[in-house]
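# Observations on the three-dimensional arrangement
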Amino acid sequence: MNPRLTEAKYVRDYILHLRFSDGTEGDVDLSQELEGEIFEPLKERAFFKTFTVSPGLHTVTWPNGADFAPEFLYQKVQISA
């Protein structure tokens, strides 16, 4: 199964509430995932909040090109449930 992210909402800090096309949803804390050059700018909370849901990639993306694989996010939602 290829999870498709359909909705993402900012909750607080580095936490997003995610909903997938199969109805799976939950909060994901990405604070521990912001390592590496592409993710460095996301540590600035104002920039972190600039995410969008890409209809082509079916995941959250940021203006600098950062994104997380939808499979990774889906797994994190399932773990946090």
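For the structure, see preceding data.
Right, let's walk through the structure included here. (Residues numbered from 1 in each chain as written. Predicted model: local features only at pLDDT ≥ 70, side-chain atom pairs only at ≥ 80, totals over all residues. Heavy atoms only, no water.)

The next subject is the environment of Lys9. Looking at where Lys9 falls in the secondary structure, it is placed in strand 1 (residues 5–12). Judged by relative accessible area, Lys9 falls into the partly exposed class, the value being 48%. Taking the C-alpha atoms as reference points, Lys9 and Asp27, 18 residues apart in sequence, are found 9.2 Å from one another. Not counting chain neighbours up to four residues away, the residues in contact with Lys9 comprise Ile15, Leu16, His17 and Phe51. A polar side-chain atom of Lys9 sits 3.2 Å from a polar atom in the side chain of Glu7. (Helix = DSSP H or I, 4+ residues; strand = E, 2+ residues; numbered from the N terminus. Buried < 20%, exposed > 50% of the residue type's maximum accessible area, 1.4 Å probe, protein only. Contact = heavy atoms within 4.5 Å. Polar contact = N/O pair within 3.5 Å; in protein donor to acceptor, adjacent residues only side chain to side chain.)

Bringing the pairing of strand 3 (residues 25–29) into the picture now. Note that strand 2 (residues 15–20) and strand 3 share 5 bridges and pair antiparallel. Paired with His17 across the two strands is Asp27, which belongs to strand 3. Between strand 2 and strand 3, which pair antiparallel in sequence order, lie 4 residues; one of them, Gly23, sits at a positive phi of approximately 95 degrees. (Pairing = 2+ DSSP bridges.)

So, about helix 2 (residues 70–80). Burial in helix 2 covers these residues: Pro70, Leu73, Tyr74 and Val77. Angular distribution of buried residues about the axis of helix 2 spans 100 degrees; they occupy a single face of the element. Structurally, helix 2 contributes buried residues whose contacts are with strand 2, strand 3 and strand 5 (59–61). (Arc of directions from axis to C-beta.)

Our next topic: the sheet that holds strand 1. If you trace the 3 strands from one edge of the open sheet to the other, you get 1-2-3, paired in antiparallel fashion. This sheet does not close on itself; its edge strands, each paired only once, are strand 1 and strand 3. With strand direction ignored, the average angle separating the axes of adjacent strands in the sheet is 25 degrees. Strand contacts of helix 2: strand 2 and strand 3, with the helix running at about 100 degrees to strand 3, the strand carrying the most contacts. (Axes fitted to C-alpha atoms, helices over the stretch in contact; angles between N-to-C directions.)

Purely geometric stuff here, so don't read any function into it on its own.
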